[in-house]
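Analysis of the macromolecular model
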Amino acid sequence: MSVNLSVVVPVYNEVENVEVLHAELTRTFDQLGRSYEILYVDDGSTDGSFAALAGLPAAGGAVRVIRLARNYGQTAALAAGFDQAAGAVIVTLDADLQNDPADVPLLLRTLDDGYDLVTGWRMPRQDPFWSRRLPSLLPNALIGWITGVRLHDYGCTLKVMRSTVVRGMRLYGEMHRFIPALADDIGARIAEVRVHHRPRRAGVSKYGLSRTVRVFLDLITVKFLSSYSTRPIQVFGVIGLLCSLAGFVITTLLGLERLIFAVPLANRPLVWLGILLILMGLQFITMGLLGELLVRTYHESQGKPVYRIAEVRAQSTP
């Protein structure tokens, strides 16, 4: 039997929350009248979460528990769930009970309005200001500015999306928070909806200030992959040309000084700087050309297109 909804829940040391969460999920999805499955991805928990998950009843929908060999992080846990999901629509949420499953019907109705991905905006957010809310303000603004996908809350795990959006998506590092930006890159229509956010009842938060640094590094990767993954020469080539041009200008001016004014160049550091810039420019251009070869090898060897078709309509003759 085909499954309409796949609920993917990454779990890491949430033994005190999984039973309550499962009861809320089954109650919500049983009322929707759609076939569904719940996929719990145990991300190497050490507190007995896997045993608690293994004992959950299937109720109205199938329940599968995926146990990862060790703690890989939330991004890898979500990727594992996406690979195992069978539904046409995928729902994601955290296992800490801060996301409210009762908000899922609202997101699904918004998805049915013609969107490919609907993400939550936690309002009002029930997290400590200094350690959680404040560090998220700058990343949210920066991600929106750099990627062009302006959302209020990139950190909200509560999302619904069509399976066609995530099938070709490869997630690494901390890229789960960039799913809307990655989806936009393949032409998906995205909406943001206000959802409830509840204070944590039990367990310990896995988020901290250290993640902010990793978000910035992953943001650079996402920007490069979304804008220049099929044309690396336009990144490295521009840098190379600028370096070479600066080096050429410096060496030309020094050469004129030597020829016209007989200025000695033996002890001029600018000579070495000019030569260094020219060599660096040549290296960057070479890197861009090698990148072009790698990109073509990647796409052509796998038959991977550089586009995504949204729809094809055959017009009949009158």
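Fair warning: this is a prediction, and the values are worked out from it, not measured in the lab. (Residues numbered from 1 in each chain as written. Predicted model: local features only at pLDDT ≥ 70, side-chain atom pairs only at ≥ 80, totals over all residues. Heavy atoms only, no water.)

Consecutive residues of a regular strand have side chains that alternate between opposite faces of the sheet. Burial within strand E2 (residues 36-42) is extensive, with seven of its seven residues counted as buried. Burial along E2 is two-sided: the residues Tyr36, Ile38, Tyr40 and Asp42 and Glu37, Leu39 and Val41 are all buried. In the sheet, strand E1 (residues 5-11) pairs with E2 via seven bridges, with the strands oriented parallel. In the strand pairing of E2, Ser6 is matched with Glu37. In this fold, the crossover linking E1 to E2 by way of helix H1 (residues 18-30) has right-handed handedness. With six bridges connecting them, E2 and strand E3 (residues 62-67) associate as parallel partners. Its bridge partner lying in E3, Ile38 is registered against Val63. Between E2 and its parallel partner E3, the chain crosses via helix H2 (residues 49-54), and the hand of that crossover is right-handed. (Buried < 20%, exposed > 50% of the residue type's maximum accessible area, 1.4 Å probe, protein only. Helix = DSSP H or I, 4+ residues; strand = E, 2+ residues; numbered from the N terminus. Pairing = 2+ DSSP bridges. Right-handed = clockwise from strand over helix to strand, strands pointing away.)

Next up on the list: the nonpolar core. In this structure, Val41, Phe82, Ile90, Met169, Leu171, Phe178 and Ile179 are the most contacted members of the largest nonpolar core, which totals 31 residues. Elements that contribute at least two residues to this core include exactly E2, helix H3 (74-84), helix H6 (163-167), helix H7 (179-185) and helix H8 (210-228). Setting aside chain neighbours within four positions, we find Phe178 in contact with Ile143, Val215, Asp218, Leu219 and Val222. Residues Val11, Ala52, Val89 and Val118 belong to the second largest nonpolar core, which totals 30 residues. (Core = buried A, V, L, I, M, F, W, Y, C linked by side-chain atoms within 4.5 Å. Contact = heavy atoms within 4.5 Å.)

Structurally, the α-helix is built with 3.6 residues per turn, so residues lying three or four positions apart point the same way. Spanning 29 residues, helix H9 (residues 233-261) covers 40 Å between terminal C-alpha atoms, matching the ideal 42 Å at 1.5 Å per step. Taken together, the buried positions of H9 are occupied by Gly237, Gly240, Cys243, Ser244, Gly247, Ile250 and Leu254. Looking one or two residues beyond H9, the residue adopting positive phi is Ala262, at roughly 55°. (Expected span 1.5 Å × (residues − 1).)

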